[in-house]
Amino acid sequence: MQPLLEVKNLTKYFPVKKGLFGRAGSVVKAVDGVNFKIYPGETMGLVGESGCGKSTTGRVILRLLEPTAGEIYFKGKNILNLPNEEMRRLRQKMQIIFQDPYASLNPRMTVGQIVGEPLKVFGLASGAELEKRVQKLLEYVGLAGYHARRYPHEFSGGQRQRVGIARALALNPELIICDEPVSALDVSIQSQVLNLLKDLQREFNFAYLFIAHGLNVVKHMSDRVGVMYLGQMVELADAKELYSTPLHPYTQALLSAVPVPDPKVKKKRIILKGDVPSPVNPPSGCRFHTRCFKCLDICSRQQPEFKEVKPNHWVACHAVQ
Amino acid sequence: MSELAKATAAGAVPESMETYSPVREFWRRLKKNKLAMTSLIFLAALTLIAVFAPYIAPYDPTNGVMADSLQKPSAQHLLGTDELGRDILSRIIFGARISLRVGLLAVAIALSIGTVLGSIAGYFGGRIDNLIMRFMDVMLSFPSLLLAIAFMSVLGRGVENAVIAISIVTMPEYARIVRGSVLSVKENEYVQAARAIGNRDGAIILKHILPNVIAPIIVRGTLGISTAILETAALGFLGLGVQPPDAEWGTMLGAGRSYMFNAPHLVMFPGIAITLTVMAFNLLGDGLRDALDPRLRQ
């Protein structure tokens, strides 16, 4: 099956300006050689600590940020070579839901204008037809038609996030990038929004790239899960497989930190030493070796290859055979 | 799907379906602000007075009776007369024409050019930003009055040229303010969202960025009107702007300066006129800002 999205060796460096005249000094290696594929209709989760480059990956895929290197294929077409106008038209097929529902809606536009804007921009509907489709979209995400005349500040966080979802749905996309869509919401609202996202996927059959830092959330949502550390993918596997038999030490440490809602269960937690190193000057060899509890000699010298150790289970670690 | 919609929208009862008009809403909010409304009424009255000056003014503003010079306010001359025996009230009424026109025009020109340059510089950044803003810095590095005088000497004397000179000289400030606001607004996720749904750069600036930077622009613009009025006065005082015997508040203030101690009404009344007008513009600006921001709604 042809993947919907294929990311090859994706790299994004942010220059850190130095000196009086803005000489390009060092760079922040936010994303450094990430590879993965997303198939039509599936959900791929992306987890990692904050600052590991998950969100940057999402933005680069949509070309909201231009990558430093790498290739992004959408339905077999490299979108990084597309001229502006063609890229603009392709945006109909790829949408994004943002993390912060308080920042992602223009405060000067009514909800109806926000949700209807994508249709208007591409000339897909106008007048009464536009109004009808906006009402329909609002109903899909569990809001009511009369909400269209209100402003974003009149809504709660969860409702605003629904507006953001309706906007992403408007163009009938094939891929939606969810950039931590629930991490700004109350826990009680989180599951509502997650279930909404799942129901919508069942109904419209698009693919998700689901970026989050909560492992439970990702497990609930994803078919496959990728784990990122300091700008690199360290493990990628089917969700069940990843959660039952994590191979990379970093994944194991992450999973051991997930709280279990049962006070009687005594879990062995793997406590990682130290902090995440700076992405300006990442460690040599395997980037995780400074905090790894299975560190070998080779780890500090040679970067491990990202290889398929079991069918559909990829991992980048010298300690895994 | 429809069940899901029903379930989550449950309890929400449709409200009255009257159509929403942003203009009406803005007006409703502005009306609540008493200071802004007073200022608006004052400025509207001032505009009417300026327009109908020849019918309202009791005397000829440019020809005085020398015998009546430097008279104190009286029933005949409500605000007294100046050193050439001209009626000060009439001169203030006629002066409103020039001051309002210069203030509004200069700000309108400076604001539109400044907004275009500032939003281009702020939105695109990089080289364009550097090119535009360094040029603005060069202009800002001159004392504005000096630069205005330089422009006036190239353009020639007269009110129209004063407007052009003042708008060129004050423009960099607007460009700076717009650029700064654009820089902060463009980092918002809704701007990225606007790009993600396929908007072109021009549409993003016009529909998503500029409406969100309007508050500082309006406030600065109203303050700018007062600055423009004062700069016209300065140019008039130096003999470059409004030419005597035409009446203009700043020129009156400058000319009356030498009689300040024995005939204070010569400077007092034009001064009051300037102060009230400037204050009205500032208060109106504040009111507009509050009324234009939907987040401050009660």
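Residues numbered from 1 in each chain as written. Chains lettered and ligands numbered in written order. Predicted model: local features only at pLDDT ≥ 70, side-chain atom pairs only at ≥ 80, totals over all residues. Heavy atoms only, no water.

Draft legend 1. Representation of the overall build of chain A in the model. Looking only at helices and strands, one finds 9 helices and 12 strands in chain A. With the principal axes as the frame, chain A shows a C-alpha extent of 70 × 60 × 45 Å. Each of the 321 residues in chain A was classed as buried or not, and the buried ones make up 55%. In chain A, once contacts between residues fewer than 6 apart in sequence are set aside, the share between residues at least 24 apart is 64%. Of the roughly 14,300 Å² of accessible surface on chain A, 50% is carried by carbon and sulfur atoms. (Helix = DSSP H or I, 4+ residues; strand = E, 2+ residues; numbered from the N terminus. Buried < 20%, exposed > 50% of the residue type's maximum accessible area, 1.4 Å probe, protein only. Contact = heavy atoms within 4.5 Å. Areas by Shrake-Rupley, 256 points an atom, 1.4 Å probe, with all protein chains shown as cover.)

Draft legend 2. Fine view of helix α11 (residues 249-256) of chain B. Residue and element names in this part refer to chain B. Most of α11 is tucked away, with 6 of its 8 residues classed as buried. Regarding α11, the residues found buried are Trp249, Gly250, Thr251, Met252, Gly254 and Gly256. Each element contacted by the buried residues of α11 is listed here: α3 (34-51), α5 (88-124), α10 (201-237) and α12 (265-292).

Draft legend 3. Structural view of helix α1 (residues 54-61) of chain A. Residue and element names in this part refer to chain A. Taken across its 8 residues, α1 has 7 buried, putting it largely inside the fold. Taken residue by residue, α1 has Lys54, Thr56, Thr57, Gly58, Arg59, Val60 and Ile61 as its buried positions. After α1 finishes, the residue Arg63 shows a positive phi value of roughly 60 degrees.

Draft legend 4. Structural detail: the pairing of strand β7 (residues 175-179) of chain A. Residue and element names in this part refer to chain A. Burial analysis of β7 places 5 of its 5 residues in the buried class, which makes it a mostly covered element. Of the two faces of β7, both are covered, the one formed by Leu175, Ile177 and Asp179 as well as the one formed by Ile176 and Cys178. Pairing between β7 and strand β8 (residues 207-211): 5 bridges, direction parallel. Looking at β8, one finds that Leu175 is bridged to Ala207. Read from β7 through helix α6 (residues 187-204) to β8, the crossover connection turns out right-handed. (Pairing = 2+ DSSP bridges. Right-handed = clockwise from strand over helix to strand, strands pointing away.)

Draft legend 5. Representation of the nonpolar core within the structure. Membership of the largest hydrophobic core comes to 61 residues, with the highest contact counts inside it found for Ile88, Ile92, Ile209, Val213, Leu235 and Trp249 of chain B. Excluding residues within four positions of it along the chain, Ile209 of chain B makes contact with Tyr123, Val182, Val185, Lys186, Val191 and Ile204 of chain B. Among the nonpolar cores identified, the runner-up in size contains 58 residues, and Ile97, Ile165, Val193 and Leu200 of chain A belong to it. (Core = buried A, V, L, I, M, F, W, Y, C linked by side-chain atoms within 4.5 Å.)

Draft legend 6. The pairing of strand β10 (residues 232-238) of chain A, seen in detail. Residue and element names in this part refer to chain A. The buried count for β10 comes to 6 of 7 residues, which makes it a mostly enclosed element. Of the pairings in the sheet, the one linking strand β9 (residues 224-229) to β10 comprises 6 bridges and is antiparallel in character. Residue pairing for β10: Tyr229 is matched across the bridge by Gln232. Where β9 folds back onto β10 in an antiparallel hairpin, the turn is made up of 2 residues, including Leu230, whose phi is positive at roughly 50 degrees. Where β10 lies against strand β12 (residues 313-315), 2 bridges are found, and the strand directions are antiparallel. When the bridges of β12 are listed, Glu235 appears paired with Val315.

Draft legend 7. Expanded view of the sheet that holds β9 of chain A. Residues and elements named next belong to chain A. Read from one edge to the other, the open sheet built from 8 strands follows the order β6-β7-β8-β3-β9-β10-β12-β11, with strand pairing classed as mixed. Edge positions in the sheet fall to β6 (94-97) and β11 (307-310), since each of these pairs with one other strand and no more. Within this sheet the neighbouring strands show an average axis-to-axis angle of 20 degrees, counted without direction. Most of the contacts of α6 go to β8, to which it runs at about 160 degrees, and overall it touches β3 (43-47), β6 and β8. (Axes fitted to C-alpha atoms, helices over the stretch in contact; angles between N-to-C directions.)

Draft legend 8. Quick peek at the domain arrangement of chain A. All names here are of chain A. According to the domain assignment, chain A contains domain 1 (5-93 + 174-182 + 203-315) and domain 2 (103-172). Centre-to-centre separation of domain 1 and domain 2, based on C-alpha positions: 31 Å. Counting from both sides, the interface comprises 11 residues of domain 1 and, opposite them, 9 residues of domain 2. Summing both partners gives a buried area of about 810 Å² for domain 1 against domain 2, and 61% of it is carried by carbon and sulfur. (Domains from an automatic or database assignment. Buried area = accessible area lost by both parts, 1.4 Å probe.)

Draft legend 9. Looking closely at the packing of aromatic side chains. All names here are of chain A. A complete count under the given rule lists 9 aromatic pairs over all chains for this structure. Note on Phe204 and Phe206: the rings are 6.3 Å apart at their centroids and 10 degrees apart in plane angle, and the pair reads as stacked. The exposure class assigned to Phe204 is partly exposed, which follows from its relative accessible area of 26%. The structure contains a cluster of three or more aromatic residues connected by ring pairs, namely Tyr140, Phe204, Phe206 and Tyr208. (Phe/Tyr/Trp six-rings, centres within 6.5 Å; stacked < 30°, edge-to-face > 60°.)

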